[in-house]
Structure formats: structure tokens, C-alpha cells
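# Examining the three-dimensional arrangement
Below, each chain spelled out in residue letters.
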Amino acid sequence: MPDRESLARAPVSVVIPACNEAGAIARVVREAREALITPERPPELVEVIVVDDGSTDATADEAERAGARVIRHEGNLGYGAALKTGIRAATHEIIVTTDGDGTYPASVMEQLVRELERSDMAVGARIGRDVNIPIERRPAKWLLTKIAVYLTEKPIPDLNSGLRAFRRADVLQFIKLCPSGFSFSTTITLAYLCNDMVVHYLPIDYHPRTGHSKIRPLRDTKNTLVTIIRCIVLFNPMRVFVPLALIMFVIAALVAIFIRDSQGNILDGTITILVLGGVQMIMLGFLADAIARLR
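In short, a report on the structure. (Residues numbered from 1 in each chain as written. Predicted model: local features only at pLDDT ≥ 70, side-chain atom pairs only at ≥ 80, totals over all residues. Heavy atoms only, no water.)

A separate point is the sheet that holds strand 1 (residues 12–18). Reading across the sheet, the seven strands line up as 3-2-1-4-6-5-7 and stay open at both edges, with mixed pairing between neighbours. Pairing within the sheet leaves two strands with one partner each, and these edge strands are strand 3 (69–73) and strand 7 (199–203). Strand after strand, the sheet turns through a mean of 20° between neighbouring axes, direction not considered. As judged from the four bridges shared by strand 4 (residues 94–97) and strand 6 (residues 164–167), these two strands associate in the antiparallel manner. Looking at strand 6, one finds that Ile-95 is bridged to Phe-166. Along the sheet face, helix 2 (residues 25–36) touches strand 1 and strand 2 (46–53) and points at about 165° away from the line of strand 1. Against the sheet, helix 4 (residues 79–89) engages strand 1, strand 2, strand 3, strand 4 and strand 6, with an angle of about 145° to strand 2. (Pairing = 2+ DSSP bridges. Helix = DSSP H or I, 4+ residues; strand = E, 2+ residues; numbered from the N terminus. Axes fitted to C-alpha atoms, helices over the stretch in contact; angles between N-to-C directions. Contact = heavy atoms within 4.5 Å.)

Encoded structure:
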């Protein structure tokens, strides 16, 4: 990995997905540049890319006036699609991502870049003193994080933070797996962790957003849950299939006990189906695990 001095001088591309963020985008661009332009890293080595994801307001114009390079999507393709466009278009190897709504503190970007000295990805974890995550989103966020921690067997302070730093070559290995919606951040976190890459977390504050949120809680929670399961089936499938098999075996045992006590025998088709289903789950797990290891 690069040493501290080389990271201090390393060129950095900042990728900011934005849709109708005219009220905050100029400030976000300016703060990103101010955070990363240092005596060791002159302005020409800091590139800020704003991907305008089908905005109907002045987001693109505000970003350009603030000094960003703007890439426009003709329509709204999604948060993940905007990130993928920006990452592919970046000209520097070190990439920092953040949101265009002013919620993430740009002041920690340089520290995140320096964290790459000892990690493959550095994430701003929203566990600081001033965290303004809407209350209605916290239960789903907690549940999804618990599921992800169980499936990956690794601590995850913040599953889907939008503020992170990584190397372009690393993320391009997984970019085809990443969805076009809000689950991009979740997918890339799980991809790194399941492939034994080092992810470091830096506690940060999370400010109230400027403008209106695009998150739809029910749909996005469902999509994130599906994404978590899909990633684990791809990278660590035994954590999914073995518990399912055990559940089926336990249900079969409970049914057998109930039938024995009520009817005096355990010859029941339900038990056979459950046991065979459990065996099939284990076999599918081994097959998926073999494919994952080959990949």
C-alpha cells in the first residue's frame, strides 16, 4: 500500500451523485476541494466530478460554477448508476465519494484518503456525536446492519454510508455487481468484506440534508435486504443455505414430535418433505460455495 507521504501527494477524484440538489451542490463541491487541496496536493491534482442524474433544477449549472466537472444523465438512472458513471470517468486512482445534499462533512475527506495507507476502503461511519438520521429510517437500518453482520461475520458500524475513499482499480472489480439504486453502498461494502479486504471506519457526524430526500423507505429497505442476501449467496453462500436447512430440520423434528404424541406414529409426508428440503438446501449451499470459490 502507498506510504503516508505518497497518499498526501496522491491525486484524488471526488465523485458526487446528484439529482435536484441545486440548494447544496455548490457548497458540497467547494468544501470537497477545500478539504483535499493541501500544500502537498495542489489544485490540479483534485478533480471533483458531479454526475447530474436527470435533475430538473439548476444542479448542473451550480456544480459547474463551483468548479466541478459535470457529467449529465438524460434521465434519472439512480444513485448507484450515477456513482458508477463517475467512478468510470474518474482520472485519478484514489476516489472519494460523497452525497450532494450536504449531509456528510467534507472536512474528513483527507483523513479518509490517509486511511488507505492501511486499508482497502475507508468509510465515514455515521456514529459521531451529531447524527441526524430520521427516526423512521433507524429501525430498518439497524435490522439490515444486524443481518449483514451475521452474514459477513464482521463488524459493520455503518452499512451504507455514502462517504468513503477507495482505489479505483479495486472497486472496478465489483462494479458490475452493484445495483443502480441506493443499494450501491451496501453492495460494495459487502463485496469488500466477503473478499477479506480491509475496511476501516472513521466516526463522523451526519448533518440534516438540504432539500427533499429521494429515499423511499419500504422499497429501498426491501431492495437493500435483497442485495445483502444476493451478495452473501454470491460470496459466502453457506451462511444462507445452512441456516435455512437447519430451520427445516427443526420444523421437521417438531412436527414429528407433535404427530407422535397425537397419532402414535411419525410417518407423515410433511416430515419427509421438510427433511428432503433441508438436504437440498445443504446441497445447494455446497454447489453455490464451489461456484463462489471458482469465481
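Counting buried positions along strand 5 (residues 121–125) gives five out of five residues, so the element sits mostly inside the fold. Side chains Met-121, Val-123 and Ala-125 of strand 5 all project onto a buried face; the interleaved residues Ala-122 and Gly-124 project onto the opposite face, where all are buried too. As paired elements, strand 5 and strand 6 share three bridges and run antiparallel to each other. Across the sheet, residue Met-121 finds its bridge partner in strand 6, namely Phe-166. (Buried < 20%, exposed > 50% of the residue type's maximum accessible area, 1.4 Å probe, protein only.)

Right, let's get into the environment of Gly-278. Take Gly-278: it is sitting in helix 11 (residues 269–294). On the accessibility criterion, Gly-278 (0% relative accessible area) is buried. Remark: the alpha-carbon pair of Gly-278 and Phe-241, spanning 37 residues in sequence, is separated by 8.9 Å. Every residue in contact with Gly-278, bar those within four places of it in the chain, is listed here: Ala-245, Met-248 and Phe-249.

Despite not being glycine, Asn-20 has its phi angle at roughly 55°, a positive value. Along the chain, the position of Asn-20 falls in the loop between strand 1 and helix 2. Positioned with a positive phi, Glu-153 is a non-glycine residue whose angle comes to about 65°.

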